[in-house]
Amino acid sequence: MSDLGYDAAHMLGAVVLLMSFALLYQRRLFSLLNVFTMQALALTATAAWQAYSHGEPHLYITALLTLVLKAILIPVALHRIIVKMKIHRTIEPALGIGLTMVAGVSLVTLSILLVLPVTADATALTRENLALSLSVVLLGLLMMISRRNAVSQVVGFMSIENGLILAAVGAAGMPLVVEMSVAFSVMVAFIIFGIFLFHIRERFDTLDMQKIESFRGESD
Amino acid sequence: MGLVVSAIAFLFAVAIAGAVAKRLPQASTVVYGGTAAACALIALWAALRLAGGGPDAALVLPVGLPWIQAHLRADALSAVFLIVVNLGGITASLFGWGYERAHHESHSTSQGGSQGHSQDGPVLPLYPLFLAGMNMVLIAADAFTFLLSWEFMSLASWLLVLSTHRDPETPKAARLYIIMASFGTACLLLAFGVLATAHGDYSFAAIRAHAPAAGAAALVVALILLGAGSKAGLVPLHVWLPLAHPAAPSHVSALMSGVMTKVAVYAMIRVLFDLLGEPEWWWGGVTMGFGALTAVMGVLYALMQDDVKRLLAYSTVENIGAIVIALGLALVFKAAHTPVIAALALAAALLHVVNHSLFKSLLFFAAGAMLTATGSRDLNRLGGLIHRMPTTAVLALIGAAAISALPPLNGFVGEWLLFQAILNAPALSEWSLKIEIAVVGAALALATALAAACFVRLYGIAFLGRPRSRAAAEALEVGRAMRLGMAVPAVLCVVLGVLPTPLIRLFEPALRLLVEAGPFDGRAYQPWFWLAPTSAIGNSYNGLIMLVVIALLSVVLVLGIHRKASDRVRWSIPWGCGFDGPDPAAVTQYTASSFGQPIRRAFGSTVFRARDHVDMPAPGDTRPARLSVTWTDPAWVVVVEPLARAVGWLAEKANRLQFMTIRRYLTLMFLALVVLLVMVAVTQR
């Protein structure tokens, strides 16, 4: 592998991770969607670059799937949901930027410390890619628990999926079937989420989880 | 080995047949006949294997977890226990066939007449499964198969207990049983986990090859004593046993009490002697201590019972105590590198395993016969059955005499061997052990004597005297199948008592496997009718001489009585203590409670806090005086109830987890993930 191939792949992976950080502190839903779109685009670029530099044409399909699903369909659909529900002006209280960054950086540190010794005999690119994707997954989880709006939780979940795809793209020899099934599971999950959002809205007139929780009969 | 596996598969097929065709009249014949045939096949195979020697039979089945598979292996130890289990299976099938038919008839003629009679739960499909489970435990050769079979056996027996669910006592017994069984399995699971940690291979061969470190071994010993001990009924983990064993139909009670507890003993032997490698002296000390406690407490409980089957279940606790004492002794002597004495103690344990399975099955069958004939298990409603059920009475007498360790029956031989091992205590160097063995020997002697008292009480109240209820007065002898089911173990009790040596010879391969010595090592001449172990300090036992002497003495005694005593028969109405009724003698004779009163006063007042309360009416008052006895079970007060309270408290605390918000749950999961990842990252370097 040429140096350029390694550097470019590394950079594209890092952009995906960077977008994860950016997701953490977006307070407006539209900007959140924009950042998510950018992450999906970066992921598409990563997949396409891997396909090109490794000469593995099936990764082009992954790239295409990511582009269509994650970068176009899902953001547009979420956009329409937000407009339809008239919550685009909502300002969501996320964690403070400083605190979020500290938590995020320590998670990235943890995943690097974890992955690098485990995969001592793999290639450098695989190792870094795994560390990056584990970080993206952990940051997505962090986002899911730090947000209260259901739409942003959906976005957090989708970014976890992005992390998984990143890992799949980086690990050479991942069969296409796995990627396809991951892609379709994202599809299904998104559809279910969409239905749920509308139902929640219909029932409770809000998408704020903290308000919905008070509707539970058994909680005190 | 293929034969054993096919026989077990056949048991499963029989179970399915029983489930499908349970409404047909021939179903019970098919199920019990098929079960008996399969058991006979396995028992025969194991006996031939033991007698013929040869390499262990092993088989690896490609089922179960993919990277483990199912390892099966029958070595000499497995073969000994296979004989025990399947012999019990044969007689129980024979008895159960008659029992089921008798109850079916009585149920169809009188709709739900007396308590405990209606058997509406499905026994037929579960009964072969229970036996299959026990057989699978014995031939399992990896931890996964072992635990799976163990749990299968527990669940099958649990369902069999539940088959009498109409009885108001049963659900409570079944609930306690399932809790204790799960606890036991959990302990065994942890024990095997510890055993396999060093190398991650769960097959017994690998565990045997890598003996665990001292600390891990100590943990395993504790866990095995808890896990297998709770199934065997070691005090204070015995609380479920006297409730669950009697609740099942009688032939299943016999299997649970006579055979399933032996499977637990097998688990103890397998781990303590085989898998753990070289023992340390304190393992045997602890084991022995628990055994002595179990023996004495078990028989004291038994003496307080009025329910025949519960009394028998408590007596099982006592006998398990004796077996565990023998195991502890064998461990101690093995650790002290005196293998011949260890072989003697282990032979005593195995012999007692066989003996107890025989006479406890016999006695449970007799209890089942009484239940069939009178519809009652309450001693205070029985009496005088020797006139109504002569065959059952004779067979039950043999069982009672055998379990009381009277010569020339098999119970005596087992206890005799065990005491020979105890008398070898001076050979040890550890002073604390010498003293402990003396105490344990005294406790065992006490337990044996009390067991004799207990069975004199059982037999005397149930079979002798005058009937205490109309049902007992009108009892009819049970059918031929049930009598034959009782006769087989009774005959074996006599045969093994008179000629124990061939059976002990049969144990020799197992003893060599476990302690690397036989009980007759270094003895040039060992005839088959003479039992003289090498390390018995010159003592020997000859059942034939014993039999002849007892027979001669009996003849002399009978002749003497008939010659000297007056042969004039005098008929008169006995004085009824002022009681009026059809049979005043029946009312004024000893009751079960009054027979047990001296021992209850002597031991029960401290151990059980037993108190007699006399409610004496004032002079002139016409109401009857009442005597009531109250007692508390120390195992419940000291162990079970505090544990139950602790579990309840924990559950109360953990209940909060159920009412958290989704985001909290997610946070918890996230934190758990991060903590685990940190642990991995830390342990990586």
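Residues numbered from 1 in each chain as written. Chains lettered and ligands numbered in written order. Predicted model: local features only at pLDDT ≥ 70, side-chain atom pairs only at ≥ 80, totals over all residues. Heavy atoms only, no water.

Q: Hey, could you run me through the overall build of chain A in this one?
A: For chain A, the count of helices and strands is 8 helices and 0 strands. Sequence-ordered secondary structure for chain A, helices as α and strands as β, is α-α-α-α-α-α-α-α. Of the roughly 10,400 Å² that chain A leaves accessible, carbon and sulfur atoms contribute 70%. (Helix = DSSP H or I, 4+ residues; strand = E, 2+ residues; numbered from the N terminus. Areas by Shrake-Rupley, 256 points an atom, 1.4 Å probe, with all protein chains shown as cover.)

Q: I tried to follow the domain arrangement of chain B on my own but got confused; where do I start?
A: Domains assigned within chain B are domain 1 (303-560), domain 2 (591-630) and domain 3 (637-684). In this structure, domain 1 of chain B and domain 3 of chain B have C-alpha centres spaced 49 Å apart. (Domains from an automatic or database assignment.)

Q: Just to check I follow, could you spell out helix α4 (residues 97-118) of chain A for this structure?
A: Side chains of residues three or four places apart in an α-helix project in the same direction, reflecting 3.6 residues per turn. All names here are of chain A. With 22 residues, α4 extends 32 Å between its outermost C-alpha atoms, agreeing within 8% with the 32 Å of an ideal straight helix rising 1.5 Å per residue. All buried positions along α4 are accounted for by T100, G104, L107, V108, L110, S111, L114 and V115. For α4, the arc enclosing every buried residue in end-on projection is 160 degrees, short of the 170-degree limit, so these residues lie on one face. Seen from the open side of α4, the exposed residues pointing more than 90 degrees away from its buried face are L99 and V102. (Expected span 1.5 Å × (residues − 1). Buried < 20%, exposed > 50% of the residue type's maximum accessible area, 1.4 Å probe, protein only. Arc of directions from axis to C-beta.)

Q: Help me understand the interface of chain B and chain A, please; the structure alone is not making it clear to me.
A: Accessible area lost when the parts come together is the quantity often used to give the size of an interface. If you look at the interface, chain B gives 16 residues, while chain A gives 18 residues. For the pair chain B and chain A, the summed buried area comes to about 1,600 Å², and 75% of that belongs to carbon and sulfur atoms. Applying the counting criterion to the chain B and chain A interface returns 0 salt bridges. For the pair chain B and chain A, the number of links is 0 residue pairs in polar contact (both at pLDDT 80 or more). Here the residues of the side of chain B that touches chain A sort into 11 nonpolar, 3 polar and 2 charged. (Contact = heavy atoms within 4.5 Å. Buried area = accessible area lost by both parts, 1.4 Å probe. Salt bridge = Lys/Arg side-chain N within 4 Å of Asp/Glu carboxyl O. Polar contact = N/O pair within 3.5 Å; in protein donor to acceptor, adjacent residues only side chain to side chain. Nonpolar A, V, L, I, M, F, W, Y, C, P; charged D, E, K, R; others polar.)

Q: Looking at this structure, I do not really get the pattern of salt bridges. What am I missing?
A: Where side chains of opposite charge bring their charged atoms close, a pairing between them can arise. Residues and elements named next belong to chain B. Inspection of every chain in the model, using the stated rule, returns 13 salt bridges over all chains. In this structure, the salt-bridge partner of R208 is D274, at a minimum N-O distance of 2.8 Å. Within this pair, whereas R208 is found in helix α7 (residues 204-209), its partner D274 is found in helix α10 (residues 250-275), the two being separated by 66 residues in sequence. Here D274 falls in the buried class, since its relative accessible area comes to 10%. One network of salt bridges, with partners in common, ties together D75, R208, R270 and D274.

Q: Could you clarify how one ought to interpret the packing of aromatic side chains in this entry?
A: Here the distance between the centres and the angle between the planes together describe a pair of aromatic rings. Residues and elements named next belong to chain B. Overall, the coordinates contain 20 aromatic pairs over all chains when judged by the stated rule. Ring centres of F81 and Y266 lie 5.4 Å apart, and the angle between their planes is 65 degrees; on these two criteria the pair is classed as edge-to-face. Within this pair, whereas F81 is found in helix α3 (residues 76-109), its partner Y266 is found in helix α10, the two being separated by 185 residues in sequence. Overall, F81 belongs to the buried group, its relative accessible area being 1%. On the basis of an interplanar angle of 15 degrees and a centroid distance of 4.6 Å, the ring pair of Y177 and W240 is categorised as stacked. Highlighted residues: Y177 in helix α6 (residues 170-197) and W240 in the loop between α8 (214-232) and α9 (241-247), separated in sequence by 63 residues. W240 sits in the buried class, given a relative accessible area of 1%. (Phe/Tyr/Trp six-rings, centres within 6.5 Å; stacked < 30°, edge-to-face > 60°.)

Q: What exactly am I supposed to notice about helix α4 (residues 126-139) of chain B here?
A: Between the first and last C-alpha of α4(B) there are 20 Å, a value that for 14 residues agrees with the 20 Å anticipated at 1.5 Å per step. Counting buried positions over the 14 residues of α4(B) gives 13, a clear majority of the element.

Q: Even after reading the chapter, I still don't get the packing of helix α11 (residues 281-304) of chain B against helix α12 (residues 308-335) of chain B, so can you show me in this structure?
A: Each pair of packed helices can be summarised by the angle the axes make with each other and by the distance between the axes. Residues and elements named next belong to chain B. Taken N-terminus to C-terminus, the directions of α11 and α12 make an angle of 160 degrees; their axes are 7 Å apart at the nearest point. Judged by the angle between their axes, α11 and α12 are roughly antiparallel. Both α11 and α12 take part in a crossing whose hand is left-handed. When the residues that make up the contact of α11 with α12 are grouped by side-chain class, the tally is 18 nonpolar, 9 polar and 1 charged. (Axes fitted to C-alpha atoms, helices over the stretch in contact; angles between N-to-C directions. Parallel < 35°, antiparallel > 145°, perpendicular 65-115°, else oblique. Left-handed = near helix turned anticlockwise from the far one by under 90°.)

Q: Looking at this structure, I do not really get the packing of helix α13 (residues 339-374) of chain B against helix α16 (residues 410-422) of chain B. What am I missing?
A: All names here are of chain B. It is the contact of α13 with α16, at a shortest axis distance of 8 Å, that shows an interaxial angle of 160 degrees. Classed by the angle they form, the pair α13 and α16 counts as roughly antiparallel. Classified by chirality, the crossing of α16 by α13 is left-handed. Between α13, through L344, A345, A347, A348, L351, H352, N355, L358 and F359, and α16, the contact on the second element is made entirely by N410, G411, V413, G414, E415, L417, L418, Q420 and A421.

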